[in-house]
Structures are given as C-alpha cells and as structure tokens.
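For reference, the chains in residue letters:
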Amino acid sequence: MRSIQKVVVLGANGVMGAGAGALFASAGVPTVMLARTAEKAAAGVARANQITKGRIRPGLLSAGTYDDDLATVIADADLVLEAVAEEAATKRDVISLIDRLREPHTIVATVTSGLSIADLCAGYSSSLREHFVGIHLFNPPMAIAGCELIAHPGTDPGVLAVVREFLTSVCGRQVVECADRPAFAGNRLGFKLLNEVAQLAEEHGVAFMDRLLGPHTGRALPPLATIDLVGWDVHKAIVDNLRIRTRDTARESFKLPAYMRRGIERGTLGRKAKELGGFYRERGAIVLDPASGDYHPATPLASPLAEAMEAVLRTRGYAGAMEVMCNARGLEAEILQRVLLGYISYGLGLVGEVVARPRDVDRIMGFGFAWAPPGVLVDAIGPARAIVLLEQLELPVPAVVEQAARSGRPVFDEPAIDASRFFAVAA
C-alpha cells in the first residue's frame, strides 16, 4: 500500500477545502487545489496561504480546474480529497467524476461532518469503494487537532491504515476512528448538547443559559455563542439529519426549536449574518429574546450557581466546582445537572455503537470541541455519585461508568493531559 505523497483537493475555494489544503501543504505535502473555475481555485490557494501566514514552502500549492486539470493531476495523486458543499447529491456528482478518472491505487476521501460514507460511494466502482473513507476535519483544521476517520463496510483496512498514518504522523492530527453512523461521535454528542440548550433558551433566556453553561462547566465558549460561531444554518443541517436518522434516547434533543427555524428563514445565521446576527448582535451587546423574536441590550446577569462554581474553581479546581454543582438545589442546579449528566450519559453511551473505547469519545470532545470530555466529568463527580445522579434523572447509565465505580480506575485515560485546561474562569 502506497504512502500519501501528493494530495488533490476538490472544492478548494470553500472554507474546509482551503483549510485542508493549508493543513496538507504546511506539512510539506505537494497539494493541488481544484475548483470549478481558475479564479475560485486561485482564491483557495490564496486563502490557504493566508491561513498559514505565508509559511507554506513555494511550489507546494498549485491551482487548477476540474475540466482542465483533474484528469492530469489525479494520475499521480495518492489521495483525492472531496471538500465540496455538505450536500449528498453535490458530493456524489464530484465523487462520480473522480471515479471515472482515478488510478486503481488512488485513495478518495470525503470531508463531511456527518453524511453516510457508505451512501456517498454507493453504486460506484468496487475499486473506489475499497479506497473510500470519510475524514471529518474540525474547523479551522490548522487550529483544531481533533479529527474523525470513518470507514464504511467496504473500505480496505490497509487504506484506512494509510490514511490514519498520514493524518497522525504527517499532519499531526489527533485521529479518532468512528463507525459510519449519523454525525459520527463528536457532532452527535456536541450538537445534542447545543440544541438542548437552544431548546431551553426559549423558556429561560439566552443570557441565562450561556451564563449557566459557561467556561466554568468545561467549554471554551458558551453553547449559544458556539451556535452563532458555527452558523444557524449549519446547526440546522446537523440536527435535522440526526433527528431523521437516529432512533435513540436523544431524538427529541435534535428537534430544532421553531424560533430558530423562523430565524433562519429571515436570514438570522449567527456571526456570518453580521447585522442580523444570531443569538447575539454587535459582539454580544444585543441579545435575542427567543420567545418574542426581539433583540434587547444585554445586561449583566447574576447566576448564584455559576458564581459559586467559579469561586471554587479558583481555589479547589474543577472537581470542587463539580461538587458544588452536585450539592446545589433549585432551578439552576436542576437545569445544569440534567444537561451535564445528559452529556455524560449520551456521550459514553456511544461506546460500542460509534466508537470502540471511552477514550475515543473523550479525545474527540477534548481535541475537536475543546470541551471537557465526559470521562473528565465522571472522574470529577465520582463514578458512584454519577450513577446515583443519572438514575435520579432517569438517564441511561453507561457501562464504562459502572465499571469505573467497581474498579476505582479513572475513566479519562490521557495521562499527559492536564484536564484543568478545559475549564476557565474570569480573573
């Protein structure tokens, strides 16, 4: 099986295409950036150079078009990466073109955040299907090390091994292998929590939910501010897909709130919408009232539970903050406990279905989302206490939590990582 010495990226002018090209070329791999037109391809190269601040060695990036250059550059390509729009029909059109032109050894990968890998290559040549994988790079790829690698039932294990080696050893990614399930592991768990918070915001308010689930709970950015960063349209595509294609305990958590659906129709897409904004406008100075659809000036919001957790976080660390949460009573405690224990239950419940080990869920949430992994929260709360809380909330108790309670061994299995990095509090 050949190693990957040259890459061709299709969809080079998109955010992910340009980011992937920057990642590969900055690792020293000759990369050809292709798009529908020469202008779009050139824009992709320019964007890749901008991402890396001009650190890509001259000659490693080149540009071309599908019509004029794909047949030539694919001849000696080891990996062809399809990075066009996240629409199955669009992707399949491009993959069909690749199938007609590729060499028998050429590995083909699709960049997707949750589409079925098997469906995207269904009906094409057996050689393509054997050489076909999914790669879920998190945006921006140069800054976020976590990525998911997805085989489908027909993928040659040798191909999977070559791509894994390339992503880890050459590109420096933290690779988690996932089964071909809806949204894989990271987005399935991450967007469950994000959408659940968006649902709760209709009753409790945007500022309240983001204050309650701020960085002191183990995330780099509050949930609703995160949806604004991702984009409401992207968020909708992911949760709609999950609601259609999953039939588990979290299905209702994937129901997009009606106020968000109405907002998307008006052009409310988050940060990318500029004046229209999303949950916030004017860099957080104006905040949405989901119940009315109106915007109001943001005012400082007191949260006794958040403030108590932050105070303890400064002195006793995140385990102390989790103890405060577990001991708290009242509305704030009920909401926070249900969201965080739901994150633990669902996340570690993906073991065996989507990933092989608890460590895989922990790594993709830590390296992909920069969120405190479920295993970190279980260890901080204590496995036995986590079981009691899960049962009180009538949430499934993952087998790994029960095993940790019996064995006394921690769930989080990353000795080189200081888990406190996932928690932050204002000075």
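Shown above is the structure to which this text applies.
Here's a quick rundown of the structure. (Residues numbered from 1 in each chain as written. Predicted model: local features only at pLDDT ≥ 70, side-chain atom pairs only at ≥ 80, totals over all residues. Heavy atoms only, no water.)

### Some words on the nonpolar core
Val8, Leu224, Phe279, Met322, Met325, Leu341 and Ile381 are the most contacted members of the largest nonpolar core, which totals 112 residues. The element contributing the most residues to this core is helix 14 (residues 331-349), with 10 residues. Residues within four places of Phe279 in sequence aside, it is in contact with Ala198, Val206, Leu224, Ile227, Asp228, Trp232, Tyr259, Met260, Ile286, Val287, Leu288 and Tyr295. Counting residues in each nonpolar core, the second largest holds 36 residues, with Val7, Ala22, Ile56 and Ile107 among its members. (Core = buried A, V, L, I, M, F, W, Y, C linked by side-chain atoms within 4.5 Å. Buried < 20%, exposed > 50% of the residue type's maximum accessible area, 1.4 Å probe, protein only. Helix = DSSP H or I, 4+ residues; strand = E, 2+ residues; numbered from the N terminus. Contact = heavy atoms within 4.5 Å.)

### Re the pattern of salt bridges
Scanning the model with the defined rule gives 17 salt bridges in all. Between Arg357 and Asp360 there is a salt bridge, with its nearest N and O atoms 2.7 Å apart. Take Arg357: its relative accessible area is 39%, and that puts it in the partly exposed class. Of the residues examined, Asp360 reaches a relative accessible area of 4% and is grouped as buried. (Salt bridge = Lys/Arg side-chain N within 4 Å of Asp/Glu carboxyl O.)

### Structural notes on the packing of aromatic side chains
As enumerated under the stated definition, the model contains 9 aromatic pairs in all. Note on Phe24 and Phe166: the rings are 5.5 Å apart at their centroids and 45° apart in plane angle, and the pair reads as tilted. Of this pair, Phe24 sits in helix 1 (residues 15-26) while Phe166 sits in helix 7 (residues 157-170), and the two are 142 residues apart along the sequence. Residue Phe24 shares its accessibility class with Phe166, and that shared class is buried. Taken together, the ring pairs in this structure connect Phe138, Phe191, Tyr343, Phe369 and Trp371 into an aromatic cluster. (Phe/Tyr/Trp six-rings, centres within 6.5 Å; stacked < 30°, edge-to-face > 60°.)

### What about the sheet that holds strand 7 (residues 146-150)?
The 8 strands lie next to each other as 3-2-1-4-5-6-7-8, forming an open sheet whose pairing is mixed. Edge strands, defined here as strands with exactly one partner in the open sheet, are strand 3 (61-65) and strand 8 (174-178). Across this sheet, the average inter-strand angle for adjacent strands is 25°, counted without regard to direction. Alignment of strand 1 (residues 7-10) against strand 4 (residues 79-82), held across 4 bridges, turns out to be parallel. Bridge pairing in strand 4 places Val7 opposite Leu79. (Pairing = 2+ DSSP bridges. Axes fitted to C-alpha atoms, helices over the stretch in contact; angles between N-to-C directions.)

### Topic: the sheet that holds strand 9 (residues 280-281)
Judged by pairing direction, the sheet is antiparallel, and its 3 strands sit side by side in the order 9-10-11 without closing on themselves. Unpaired on one side and paired on the other, strand 9 and strand 11 (294-297) mark the two borders of the sheet. Pairing analysis gives 4 bridges linking strand 10 (residues 286-289) to strand 11, with the strands arranged antiparallel. When the sheet's bridge partners are listed, Leu288 is paired in strand 11 with Tyr295.

### With respect to the environment of Glu307
Relative to the helices and strands, Glu307 resides in helix 13 (residues 304-327). According to the relative accessible area criterion, Glu307 is partly exposed, its value standing at 38%. In the structure, Glu307 is positioned 95 residues away from Leu212 in sequence and 9.1 Å away in space, judged by C-alpha atoms. Residues contacting Glu307, with those up to four places away along its chain left out, are Arg211 and Ala302.

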